[in-house]
Amino acid sequence: MVNFIARRPPVDPSSMKATDINLFNITRPHMRALHVSWICFHIAFTGWFAVAPLLPTIKNDLNLTDAQIGDCNIAALSSSIIFRILAGPLCEKFGPRRVMAGFLILGAIPTACVGLVQSADALIAARFFVGILSPTFICCQFWTTQMFSPNTVGGANALAAGWGNMGGGVTYLLMPLVFELFNQFLPANIAWRVAMLVPAFLCIAAGIFAFFAGDDCPEGDWSRRNHNNFIAKEGYIQFDKELKQSKLKRDMEIHQIPIVIHYLLVFINPNVVLMMVMYACCFGVEVAVDNVITLFLTNEFGISQITAGLFGSIFGLLNLFSRVSGGLVSDLVNRNMGVRGRLLVQFLCFFLQGLFLILFKFLSGSFASAIALMACFSLFTQACCGTSFGIVPYLDPAATGIVTGLVGAGGNVGGLIFAAVFKAYSGDIRTGFMIVGLSVLTVAFLPFLMSVHGRTLVLGTVKRNF
């Protein structure tokens, strides 16, 4: 349950996790971790997506072709697949706080170096390494999963990821304005390069903030997660010793499995594979559209880079409530229908996302209709991300980091595939949207194939929760 209050959230003594989300509370460990995770993920987008809003200017400066821009977008997504797969076990080994800080600070380096490029190949290489900012999403979701109980984890994950993903929309507003500011004193071919220093600085600041402001888990530091010598005045909670010892034994058994074997055991879980495909068709759509929307609006309707960035930002800014609403609705329906409710919401959101993407092909002839349809498919695209991570924590609770990493990487695989679609149809972007929509509409029926703990969407009487 989400509450607009500042009181410390209640805690389930059996799991040490918060059972409510009290948004105005910022105390350690639960709510502080939620807010730190989404803020850092949000800022990571300013570096990861910094190039996209400035592509009209960069294209003219470097004399880029449409094919080279497509390759640039693909490079940024392909590297993120690798980094996201690595992020899960890194979080399980070192804790989300350190890993989040490390990715942010390392990602700031190639972000700043984008301003030094002089050719298409150099830009492609730089954007490849900027993809190191992408796994901050895995850290964000792993972090909130450690802090919130099953009855509210869908909403917590969706809120943190949704407000974090909103950084994509903020970047579309921020970067053109930063460019225009520097362009008052510098020529355009220098101004966009200097502008890249701003997101680099923000990422470094966010990395330092993540390391010092939050806690890895309810016990505090990741190294203390199996200890029970907590001090109440520090904001931590004294937990039942027998419950804690049970959790310690379970964790020790899990971590005795070699990481490669553990990855393979998770990957052969059909539910994990299906969820990877579904997440490819929601988050993958989101990042692919984010990379083309500015050029689409400027080329199709002849508007300026700032105006295109302003309206293009709508796609990301809707994350303020769209992804969150997906997670909260998933949690709400779960209380009455259990996993069948979560799967039903998943199906409906994907179906509507695919439908609006297809309609974009045929009904986006005017600027107003294009923006309206973009807002509609954006709403359901992001809601699908929220409903997906309302299911993810239960696919294999013993391997939360690995499952989160694999599903997150699936999202980037989808982004890579759909970026290739938009590249192939760079002369007819609307047809590209239709092909993406048809893909999503097909994937919408995958929840009917899932069986989580023996419960399916079609069959069986389901008790509350998983």
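Note that the structure is a prediction, hence the values are computed from the model and not measured.

## Here we look at the confidence of the model for the protein chain
Predicted coordinates in areas of low pLDDT are best not read in detail. When pLDDT is averaged along the protein chain, the result is 86; 91% of the residues meet or exceed 70. Taken element by element, the protein chain is modelled with least confidence in helix α10 (residues 241-255), mean pLDDT 48, and with most confidence in helix α9 (residues 197-213), mean pLDDT 96.

## Comments concerning the nonpolar core
Counting residues in hydrophobic clusters, the biggest one holds 138 residues, and the most contacted among them are W48, F350, F377 and M450. Apart from residues lying up to four places away in sequence, F350 is in contact with M278, C281, C282, C384, S388, V440, V443 and A444.

## Brief notes about the state of the cysteines
This model, assessed by the stated rule, comprises zero disulfides. C72 forms no disulfide, and the closest cysteine sulfur to it belongs to C113, at a distance of 15 Å. C72 gets classed as buried once you look at its relative accessible area, which sits at 1%. Cysteine C113 shares no disulfide, and the gap to the nearest cysteine sulfur, in C203, comes to 13 Å. Under the relative-accessibility criterion, C113 is labelled partly exposed at 35%.

## Concerning the environment of M275
As for its placement among the helices and strands, M275 is situated in helix α12 (residues 270-280). You can call M275 buried: its relative accessible area is 0%. Each C-alpha atom, one on M275 and one on I371, is 29 Å from the other, the two residues being 96 residues apart in sequence.

## Some words on helix α17 (residues 367-391)
If you check α17, its first and last C-alpha atoms are 37 Å apart, about what 25 residues at 1.5 Å a residue would give, namely 36 Å. Where burial is concerned, most of α17 is hidden: 19 out of the 25 residues are buried.

## Observations regarding the packing of aromatic side chains
Each aromatic ring pair is described using two quantities: the centre-to-centre distance and the angle formed by the ring planes. This structure, assessed with the given rule, holds 31 aromatic pairs. Judged by centre distance (5.7 Å) and plane angle (50°), the rings of F296 and F360 are tilted. A residue pair is termed long-range when its members are at least 10 positions apart, and F296 in helix α13 (residues 283-301) and F360 in helix α16 (residues 339-363) qualify at 64 residues. With respect to class, F296 is no different from F360; both count as buried.

## Details of the packing of helix α1 (residues 30-48) against helix α6 (residues 136-147)
Running from N to C, α1 and α6 cross one another at 170°; their axes reach a closest spacing of 9 Å. With respect to each other, α1 and α6 are oriented roughly antiparallel. In this structure, α1 uses H30, A33, L34, V36, S37, W38, F41 and A44 to contact α6, whose residues at the interface are T136, F137, C140, W143, T144 and M147. Of the residues in the contact of α1 with α6, the class split is ten nonpolar, four polar and no charged.

Thresholds, definitions, all that
Residues numbered from 1 in each chain as written. Predicted model: local features only at pLDDT ≥ 70, side-chain atom pairs only at ≥ 80, totals over all residues. Heavy atoms only, no water. pLDDT = per-residue confidence, 0-100. Helix = DSSP H or I, 4+ residues; strand = E, 2+ residues; numbered from the N terminus. Core = buried A, V, L, I, M, F, W, Y, C linked by side-chain atoms within 4.5 Å. Buried < 20%, exposed > 50% of the residue type's maximum accessible area, 1.4 Å probe, protein only. Contact = heavy atoms within 4.5 Å. Disulfide = S-S within 2.5 Å. Expected span 1.5 Å × (residues − 1). Phe/Tyr/Trp six-rings, centres within 6.5 Å; stacked < 30°, edge-to-face > 60°. Axes fitted to C-alpha atoms, helices over the stretch in contact; angles between N-to-C directions. Parallel < 35°, antiparallel > 145°, perpendicular 65-115°, else oblique. Nonpolar A, V, L, I, M, F, W, Y, C, P; charged D, E, K, R; others polar.

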